[in-house]
Amino acid sequence: MTKKTWKDADKSILKSLPSPEVDRPYELKMKQPELTFMGVHEQPDFATLFILMYPNGKIVELKSLKIYLQQYRDIIISYERLINVIYDDLIKVYDPERLRIVMDFNARGGISSKLTIDSGKAFQ
């Protein structure tokens, strides 16, 4: 079996829908409580994924987001690479006014990790 890496992630899975409100600013909040992926030591890792998006004419088709995220179950990737790949793919597909991704990883060896990337660079 061929091992998949982050370079095998397919952003073409992501689909968009036209935003129903173009002139009214609003935010989309999405949560995936069971993001699974293969860590760099080929052991399964788990995280809760939070996405905050201010749309710019396009919104996320949620089924495609679910399928897109499920592909990572078979992809070997580090925490830091994972958040950056997902961020880059969402920026390219949806071109939002603002995108914030938070990943809260399950503890491993007694240490937990939480990563944030934000196009507005306003970390909390």
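Before reading on, note that the structure itself is shown above.
Read on for an overview of the structure. Small disclaimer: the values here were computed from a predicted structure and weren't measured. (Residues numbered from 1 in each chain as written. Predicted model: local features only at pLDDT ≥ 70, side-chain atom pairs only at ≥ 80, totals over all residues. Heavy atoms only, no water.)

## Quick notes on the side chain of D89
Considering the arrangement of structural elements, one finds D89 in helix α2 (residues 79-94). Look at D89: it is buried, it has no salt bridge, and the nearest opposite charge is K11 at 4.9 Å. Those residues in contact with D89 that lie beyond four places of it in its chain are K11, L14, Y68 and Y72. (Helix = DSSP H or I, 4+ residues; strand = E, 2+ residues; numbered from the N terminus. Buried < 20%, exposed > 50% of the residue type's maximum accessible area, 1.4 Å probe, protein only. Lys, Arg positive; Asp, Glu negative; His and termini not counted. Salt bridge = Lys/Arg side-chain N within 4 Å of Asp/Glu carboxyl O. Contact = heavy atoms within 4.5 Å.)

## What to know about the packing of aromatic side chains
Counted according to the given criterion, the structure contains 4 aromatic pairs. Between F37 and F105, the ring centres sit 5.9 Å apart and the planes meet at 80°, which makes this aromatic pair edge-to-face. With a gap of 68 residues between them, F37 in strand β3 (residues 28-38) and F105 in strand β7 (residues 98-108) connect regions that are remote in the sequence. Ring centres of Y79 and F105 lie 3.9 Å apart, and the angle between their planes is 5°; on these two criteria the pair is classed as stacked. On the criterion of sequence distance, the pair formed by Y79 in helix α2 and F105 in strand β7 is long-range, its members being 26 residues apart. Of the two residues, Y79 and F105, neither departs from the other in class, the shared state being buried. Taken together, F37, Y79 and F105 form an aromatic cluster joined through their ring pairs. Between the NZ or CZ atom of R81 and the centre of the ring of W6, over which it lies, the distance is 4.2 Å. (Phe/Tyr/Trp six-rings, centres within 6.5 Å; stacked < 30°, edge-to-face > 60°. Lys NZ or Arg CZ within 6 Å of the ring centre and 35° of its normal.)

Interpretation in functional terms is not warranted from these geometric data alone.
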